[in-house]
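If you want the building blocks of each chain, they are given just below.
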Amino acid sequence: MTRPPNLLFIMADQLRADYLGCNGHPTIRTPHIDALAARGVNFSRAYCQAPVCGPSRMSFYTGRYATSHGASYNGVPLRVDERTLGDHLRPLGYRVGLVGKTHMKRDNEGMARLGIDPDSSRGVLVSQCGFEPFERDDGLHPDETADPDLPYNRYLRDRGYAGVNPWHSAANSAEGESGEPLSGWYMRYAHLPARVKEEHSETAYTTNRAMDFITEAGDQPWCLHLSYIKPHWPYMAPAPYHALYGPEDILPAVRSDAERERPHPVVEAFMGHGESSEFARDEVRERVIPAYMGLITQLDDHLGRLVDFLEAKGLRENTVIVVTSDHGDYLGDHWLGEKELFHEPSARIPLIVVDPRRDADATRGSRNDQLVEAIDLVPTFVDYAGGNSQALNHVLEGRSLHGLVTRGPAETWRRYAFSEADYAWRPARKELGLAPDEARAFMVTDGRWKYVHYANHPPQLFDLATDPGELEDLAHRDGCRTVRGELEAALNDWFKARRLRTTIGNDEVERRTGTARKRGILYGIW
């Protein structure tokens, strides 16, 4: 290749790692994603840094843990001074665009303090997490807050879908016997087809807009963050995807009576949330999970369409493709709904990296079981773009996957992966009687053992080798004191190693160390 590769950074919202054919799901059909795994490296032990949309994505985009960047929950602004993927790639000659969702909240107070106009060219980039917003759409548009001028809403109205908010009334609602919308906000309708035609659905539309960006980018190297809203709820799939799967395709829930009878206090509080009590019912799982699976297969089909488009444009061999998700979905496992805690269905994510170059032939079609994290993607993209991620190691907390993709597993790699949660906004906090600053939890895993620290509550410990379903908490077993102590120490060391001096690089620190006397600053001299 005569120039750095294009970077296609694909994220599906709330896609579980184990709901892909290439990751072992026995009934779901994902042939195009499976084909990407066969062309690249499938990282089987990838973890997000916070199993909630906003903080997870801010870690993906900054290459930093939530503790470091501070945007710890949905709606918490990302500080104006945080550098993101676009800030690292644009100086390397890349056009860095967004099609879809970021869930980023801009730092209005910080921008006002610095006199940054949100409508200026600089202000737009700061407001959009460093991306050029070719088309941003975070989804989730209730009628009370819907923007009638949302491009997708205008698109639907232009095609005959009536209403101020056809995102809801057409794309995310079914139709009753009298033609009335049956809102997709209610999971009881998940078995019905969305009122929108498949070719006009969110997933189809988002794919079309990605093709528009790629076409417009022309010969300039580009990084496109293609961020799909589905299979995130509302669980509403268009025909024929709504009917591809049935209750017979649903895997048994991973949960035990003991979890419910003797739950950890924090997990018990989350079990009391509405989404958990609903997903604890088999009726709900049998109605929702087939729709969830249908949305994944629809996504897969459109990714196949996108890869064909790259082939037709002559870009397939010069485009590095990453497929991942921001977090998973409990779907009733462990008597829970949604995400947020640290069981595998929530915190583990799919991660496939396809490097079409000859340099990566040795790893093509391989599976890598080393621990990787969402924050690894920013340094990976920097290295692919011709930059030097090591020169940014005073800022970036992830590790570049470039070597793992081109050469294979590393002899020396990270020993632990981490994730964290700030559940101050959730009813569980009040149920537990915690102050907002006390509703924190942290996970560390070495690949076999998983340890969870809760502020003001006992820890949890699971042996993923003998108990992959995480059904037996071993934290208080006398025989596990040693491993618990090791993981507690690893978590403490992790806290001490956060990158907080971000304004000057380590190379410059090395250059300046011990040079005061040479610069004429004479202190401590007789």
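Residues numbered from 1 in each chain as written. Predicted model: local features only at pLDDT ≥ 70, side-chain atom pairs only at ≥ 80, totals over all residues. Heavy atoms only, no water.

Draft legend 1. Region of the structure containing the sheet that holds strand 16 (residues 449-454). Taken together, four strands build an open sheet; the order of strands is 14-15-16-17 and the sheet is antiparallel. The open sheet has two free edges, formed respectively by strand 14 (417-422) and strand 17 (457-463), since each of these has just one partner strand. Taking the axes of each pair of neighbouring strands and ignoring which way they run, one obtains an average angle of 15° across the sheet. Bridge analysis of strand 14 against strand 15 (residues 440-445) gives six bridges, and the strand direction is antiparallel. From the neighbouring strand, Ala417 faces strand 15, where its bridge partner is Thr445. (Pairing = 2+ DSSP bridges. Helix = DSSP H or I, 4+ residues; strand = E, 2+ residues; numbered from the N terminus. Axes fitted to C-alpha atoms, helices over the stretch in contact; angles between N-to-C directions.)

Draft legend 2. View of the environment of Val378. Assignment of secondary structure puts Val378 in helix 15 (residues 377-384). What makes Val378 buried here is its relative accessible area of 0%. Apart from residues no more than four positions distant in its own chain, Val378 is found in contact with Phe60, Tyr61, Thr62, Gly63, Leu85, His88 and Leu396. (Buried < 20%, exposed > 50% of the residue type's maximum accessible area, 1.4 Å probe, protein only. Contact = heavy atoms within 4.5 Å.)

Draft legend 3. Quick peek at the nonpolar core. One finds Leu8, Ile214, Trp222, Leu224 and Leu226 to be the most contacted residues of the largest nonpolar core, which totals 45 residues. Secondary structure elements with two or more residues in this core: strand 1 (6-12), helix 1 (31-39), helix 9 (202-217), strand 8 (222-228), helix 13 (282-312), strand 9 (319-325) and strand 11 (351-354). No other element matches helix 13, which puts 13 residues into this core. Residues in contact with Ile214, not counting those within four places in the same chain, are Trp222, Leu224, Leu306, Phe309, Leu310 and Leu315. Counting 41 residues, the second largest nonpolar core, distinct from the first, contains Met58, Leu396, Leu404 and Trp413. (Core = buried A, V, L, I, M, F, W, Y, C linked by side-chain atoms within 4.5 Å.)

Draft legend 4. Spotlight on the packing of aromatic side chains. Tallied over the entire structure, the rule returns 23 aromatic pairs. Relative to Tyr61, the ring of Phe9 has its centre 6.5 Å away and its plane inclined at 80°; by these criteria the two rings are edge-to-face. Taken as a pair, Phe9 in strand 1 and Tyr61 in helix 2 (residues 53-62) lie far apart in primary sequence, 52 residues in all. The exposure classification of Phe9 matches that of Tyr61, with both residues buried. Judged by centre distance (6.2 Å) and plane angle (85°), the rings of Tyr235 and Phe279 are edge-to-face. Of this pair, Tyr235 sits in the loop between strand 8 and helix 10 (257-261) while Phe279 sits in helix 12 (residues 274-279), and the two are 44 residues apart along the sequence. Here a set of aromatic residues connected by ring pairs shows up, and it is made of Tyr65, Tyr416, Phe418, Phe442, Trp494 and Phe495. Taking NZ or CZ as reference, Arg255 lies 4.2 Å from the ring centre of Trp335, over its face. The residue whose ring lies beneath Arg260 is Trp335, and the NZ or CZ to ring-centre distance is 4.1 Å. (Phe/Tyr/Trp six-rings, centres within 6.5 Å; stacked < 30°, edge-to-face > 60°. Lys NZ or Arg CZ within 6 Å of the ring centre and 35° of its normal.)

On their own, these measurements won't tell you what the molecule is for.
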